[in-house]
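A closer look at the structure
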Amino acid sequence: MSSVDVSDIPALARGCAVLGTGGGGDVRTGSLAAIRAIREHGEVPLVELDDLPEDALIVPLSGIGAPTVSHEMIHSADEPGRIAEEVERLFGRPPSAIMSSEIGGSNGVAPVAWAAQLGLPLLDADGMGRAFPEVQMVSMYVAGLPADLVIMSDIVGNVVTIRPVDGLWSERLARAVCVAAGSTALMADYVLTTARARGAVIEGTVTRAIEIGRATEGTADPLGALQESLDAVRLITGKLTDVERRTTGGFVRGTATIEGTGDDRGRRLTLELQNENLVALEDGRVRAMVPDLITVVDTETAGAIQTEALRYGQRVTVLAWPCDPLWRTPKGLDTAGPRAFGYDLDYLPVEELTTHG
C-alpha cells in the first residue's frame, strides 16, 4: 500500500488529462480540490484489491455532465458526504474505499479529494482506463455486473437514488437527472464489494496516470517522451483551424479540424467529439476510433487539451494508442465501439489502421 500526497497531484493531473481523451472534466479544478483536501485531511492511502477485505464496500465516484458546465459550476465539498451517507443508509454499513469511475480528466484527480474528505483510501483502479461519456460505458457493465443502483447529488444538495433495470436505463435516467441539476452532478454507480470487483475493474490506473504525468517532467522533448510512454501513434502535428462545439442533452458534441504544419503541411485531420475524442478522420479515411484513445496535446509542452479548451490557432499534435483489452472484446465493442456512438463503422485497432496507412 502506498499513498497519494500533494507532490503527486501535478503528475496525476497531467496523466489524467492525457487519458481523458478530451473529456472527464478540466483537471485544474480537480487538482485544486485534491491539494486542498490533502492539506486539510492528510495524504490518501492508495490501495489495491488485495489490501481490502473481500466484503469491503467500494464506491466508484465520478462527475456526470457536460465538461463545459462543470468547468464553471464546480462540485461542492458536501456532495461526496451526502453520497456516502446514502450508501451507508442503503447497505447498512459505511463505504470502505473510493474508486474513480473513470481515470480520465478531472474524474481521475478529484477522487483523491473525495477520499481525503471522507477519510477513506483510494483504490488503484477505475472502470474505464480512460474516459467515456455515458454511464454504462464502464468495465463493470462489460463484466456483466448488474447496474441496479445509481446515487446522485448536486451542488444545491439534492440526493437522487435510482434503481435502473440495466446499464442502458442507468444512462437514460441518470442523464435526465443530470440535466435537471444543470448538466453537472456527482454520481456513484456500481457500488461493489472487493470480491465482485475482481476481474470487473481495470487495476493500476492511478499509478499509471502518475507515471504518464511524470514522463514529461524535466525532458527537453516532452512530446517525444509522452509518445514513448504511451506507445502512441502521432496522427498529425498542426494548427487548429476550426472548432464546432455545442452543449446539448448533458454532453458536449462537435468537431475539431487540424491543418498540418511542417512535415504534415497539406494534410487535414478532423476529430468527432462527444465529450471525448471519438473518431479521427483524414480525407474521409478513419485514422483512429473508439474505444482506442485519441488525445490532442500542445505540441510544445505535450500537455493534453480538453474538449472545452480547444481554440482556433492552437498548435497541437494528435496522438492515438490502444485501449485496454477489455474494450476490444465483443461486449466491450458493443458498449463503447464506434457503433455505440452511432457511427456506421466496423472497429479496427489503431495499430492496424496505422499499418495499412
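That block above? That's the structure.
This text gives an overview of the structure that appears in the document. Along each chain, the written sequence defines residue order, and numbers are assigned to residues from 1. Local features are withheld for residues below a pLDDT of 70 in this predicted model, meaning they are given only at 70 or higher, and side-chain atom pairs are given and counted only at 80 or more; totals for whole chains, interfaces and linings count all residues. Heavy atoms throughout the structure, all of them, feed into the side-chain values; hydrogens and water do not.

A tally of regular secondary structure across the chain gives 12 helices and 17 strands. Along the first, second and third principal axes, the C-alpha atoms of the chain reach 60 × 45 × 35 Å. Expressed as a percentage of its 357 residues, the buried residues of the chain come to 57%. Each charge sign in the chain was given a centre, from 30 positive and 50 negative side chains, and these centres are 5 Å apart. Secondary structure counts use DSSP, requiring at least four H or I residues in a row for a helix and at least two E residues in a row for a strand, with both numbered from the N terminus. Between buried and exposed lies partly exposed: a residue is buried under 20% and exposed over 50% of the maximum accessible area for its type, with that area taken using a 1.4 Å probe on protein chains only. Charged residues are defined here as Lys and Arg on the positive side and Asp and Glu on the negative side; His and the ends of the chain fall outside this count. In this description, the location of a charge corresponds to atom NZ of lysine, CZ of arginine, CG of aspartate or CD of glutamate.

The next thing to look at is the packing of helix α4 (residues 79–91) against helix α5 (residues 106–118). Only the stretch in contact is used when fitting a helix axis, every axis being a line fitted to C-alpha atoms; angles between N-to-C directions are given from 0 to 180 degrees. Two elements in contact, α4 and α5, have axes separated by 9 Å at closest approach and are oriented at 65°. Here α4 runs over α5; the crossing is right-handed. Here P80, G81 and A84 of α4 lie close against α5, whose contacting residues are W114, Q117 and L118. Partitioned by chemical class, the residues of the contact of α4 with α5 number four nonpolar, two polar and no charged. Handedness of a helix crossing follows the sense of rotation of the near helix relative to the far helix, less than a right angle counterclockwise being left-handed and clockwise being right-handed. When checking whether two residues touch, look at their non-hydrogen atoms; a contact exists if any pair is within 4.5 Å. As a working rule, the residues Ala, Val, Leu, Ile, Met, Phe, Trp, Tyr, Cys and Pro are called nonpolar, Asp, Glu, Lys and Arg charged, and the rest polar, with Gly in that last group.

When a carboxyl oxygen of Asp or Glu lies within 4 Å of a side-chain nitrogen of Lys or Arg, that pair is called a salt bridge. Inspection of the entire model under this criterion finds 18 salt bridges. Between R268 and E259 there is a salt bridge, with its nearest N and O atoms 2.9 Å apart. Since its relative accessible area comes to 46%, R268 is described here as partly exposed. Overlapping salt bridges bring together R234, D264, R267, E282 and R287 as one network.

Now for the environment of T270. For T270, the location among the structural elements is in strand β13 (residues 268–274). Between the alpha carbons of T270 and D242 there is a distance of 9.3 Å; along the sequence they are 28 residues apart. Excluding residues that lie within four positions of it along the chain, T270 makes contacts with T255, A256, T257, V279, A280 and L281.

To qualify as a nonpolar core, a set must consist of buried Ala, Val, Leu, Ile, Met, Phe, Trp, Tyr and Cys residues joined through side-chain atoms within 4.5 Å. Judged by nonpolar contacts, the single largest core of 86 residues is most densely connected at L12, V112 and M140. With eight residues, helix α1 (residues 9–19) is the largest single contributor of residues to this core. Non-local contacts of L12, meaning those with residues more than four positions away in its chain, are made with G108, V109, V112, V206, A209 and I210.

Following the sequence through the fold, T257 ends up in strand β12 (residues 251–260). Sequence-distant contacts of T257, defined by excluding residues within four places in its chain, comprise K239, L240, T241, D242, R268, L269 and T270.

This next bit is on the pairing of strand β3 (residues 57–65). For β3, a buried count of nine out of nine residues is recorded, marking the element as mostly surrounded by other parts of the structure. Burial of β3 is two-sided: the residues L57, V59, L61, G63 and G65 facing one way and the residues I58, P60, S62 and I64 facing the other way are all buried. Bridging between β3 and strand β9 (residues 192–193) involves two bridges; their strand directions are antiparallel. Paired with L57 across the two strands is T193, which belongs to β9. Whether two strands pair depends on DSSP finding at least two bridges between them. Here β3 pairs with strand β4 (residues 97–100) via four bridges, running parallel. Within β4, the position partnered with I58 by the bridge is A97. Bridge count between β3 and strand β8 (residues 184–189): five bridges; the pairing is antiparallel. For G63, the partnering residue across the bridge sits in β8 and is L186.

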